[in-house]
Amino acid sequence: MALDAFIAGMPKCELHLHIEGTLEPELKMLLAERNNVRMPYRTVEEARNAYNFDSLTSFLVGYYESMNVLLTEQDFYDLATAYLTKAASQNVRYAEIFFDPQAHTSRGVPFDIVIRGLRRAIMDGERLHGVRAQLIMCFLRDFSAEYAMATLLESLPYREWIVGVGLDSDERGNPPVKFEKVFARARREGYLLTAHCDIDQPDTHEHIRQCLDVLGVDRIDHGSNALEDEWLTEEIGRRGLGFTVCPVSNGFVTSDMKAAEIRRMLDLGLKVTINSDDPAYFLAYVTENLQAVQRKLDLTRDEVLRFERNAFEIAWLPRAAKDAYLAELDEYAATAAATAATPADAAD
Ligand code: ADE
Ligand code: ZN
């Protein structure tokens, strides 16, 4: 049975969301005009139809090209405000938002322009919509370790505005160990650590091992290939690390949303969560991701709730804040069960 309405109304936590990946064609074209930036398309429709990818590498080409329209603090404010407004409409209560400063500083846009715009949107988003959010700064792994370190140092004046660091972009030939010193320094500065372990990448098991043993990550982004290796699966379980899985994204960059792997993570009691990655490109925000997985696996309400419980549990928040969100989720579940139309519905 489809649980679309239950999922839509559920209080949600988004832990894998690239703010640059929320740039919808409408805003892209508006910013292109506002900033006099020439794009290879002239209308929103053409911009939408320009998306053509079947792998992480081909996705990243259009993703970075689109960022050329982001130039001013107001642009970053508008981008994040659009996302937070959309998130509020989907009952997202808390979001950890990735941003890619090097995708902007490498084009000559200063770090402080980027972070000030995002920060102001987050403050307003909480005030206007009650959506809480924190920033995670990602290093682009296809740039050098030296550039990542320089970016880390540049972030330190804004340390209080950033909860952790991550690692994203093209994984091929860019193993986690390349960033060992950067992550060690980030840890010393008090940042929490995560890293992308993208789907079906060359050397994926060795990369996941390095995330655990070299970087010492607190969480794994994607990472479902860990299930193919007994030691990795057990070690991640032992450490209680969460996975931020993005099923619709998986279906775009590989031929499969990896639902069987999500089922297995649930069965093993691993802390799997469902997220949207780059929703403007993969055409699905967190509600649609949860609905897609629920349908594919015919999940029960309790199983759907588990994704959200896991997410609030592994969120980078103080215990009291997690407990408050978990209580909200419990209340939602109890009310939904009590108001279910038929006994069969209640059993779901
Ligand atoms: N940047 C934006 N989305 C990404 C993804 N899914 N993997 C790696 N880098 C990304
Ligand atoms: Zn991602």
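Residues numbered from 1 in each chain as written. Chains lettered and ligands numbered in written order. Predicted model: local features only at pLDDT ≥ 70, side-chain atom pairs only at ≥ 80, totals over all residues. Heavy atoms only, no water.

Going by an unreviewed UniProt entry, the protein chain carries the name Adenine deaminase and comes from Actinomadura logoneensis. You can read under Sequence similarities (unreviewed entry) in the UniProt record for the protein chain the words "Belongs to the metallo-dependent hydrolases superfamily. Adenosine and AMP deaminases family. Adenine deaminase type 2 subfamily." Its UniProt record gives the protein chain a comment under Function (unreviewed entry), which states: "Catalyzes the hydrolytic deamination of adenine to hypoxanthine. Plays an important role in the purine salvage pathway and in nitrogen catabolism." (UniProt positions renumbered as here; feature names shortened; annotations may be inferred.)

So, about the coordination of the zinc ion (ligand 2). Here the zinc ion (ligand 2) is held by the protein donor atoms His-16 (NE2), His-18 (NE2), His-196 (NE2) and Asp-277 (OD), which lie 2.0 to 2.2 Å from it. Here the zinc ion (ligand 2) binds four donor atoms, and the angle range of 83 to 175 degrees at the metal identifies the geometry as irregular. Coordination of the zinc ion (ligand 2) draws on donor residues from a single chain, spaced H-x1-H-x177-H-x80-D in sequence. Residues His-16 and His-18 agree in their burial class; the two are buried. (Donors = N, O, S within 2.8 Å, 3.2 Å for Na, K, Ca; no water. Tetrahedral: all angles 85-135°; square planar, octahedral: opposite > 155°, others 65-115°. Buried < 20%, exposed > 50% of the residue type's maximum accessible area, 1.4 Å probe, protein only.)

The UniProt record annotates "binding site: substrate" (unreviewed entry) at Asp-278. With respect to the secondary-structure elements, Asp-278 resides in the loop between β8 (271–274) and α14 (279–282). Residues within four places of Asp-278 in sequence aside, it is in contact with His-18, Gly-21, Phe-59 and Tyr-63. (Helix = DSSP H or I, 4+ residues; strand = E, 2+ residues; numbered from the N terminus. Contact = heavy atoms within 4.5 Å.)

So, about the environment of Asn-49. Relative to the elements of secondary structure, Asn-49 occurs in helix α3 (residues 44–49). According to the relative accessible area criterion, Asn-49 is exposed, its value standing at 58%. The sequence separation of Asn-49 and Pro-25 amounts to 24 residues, and the corresponding C-alpha distance is 9.7 Å.

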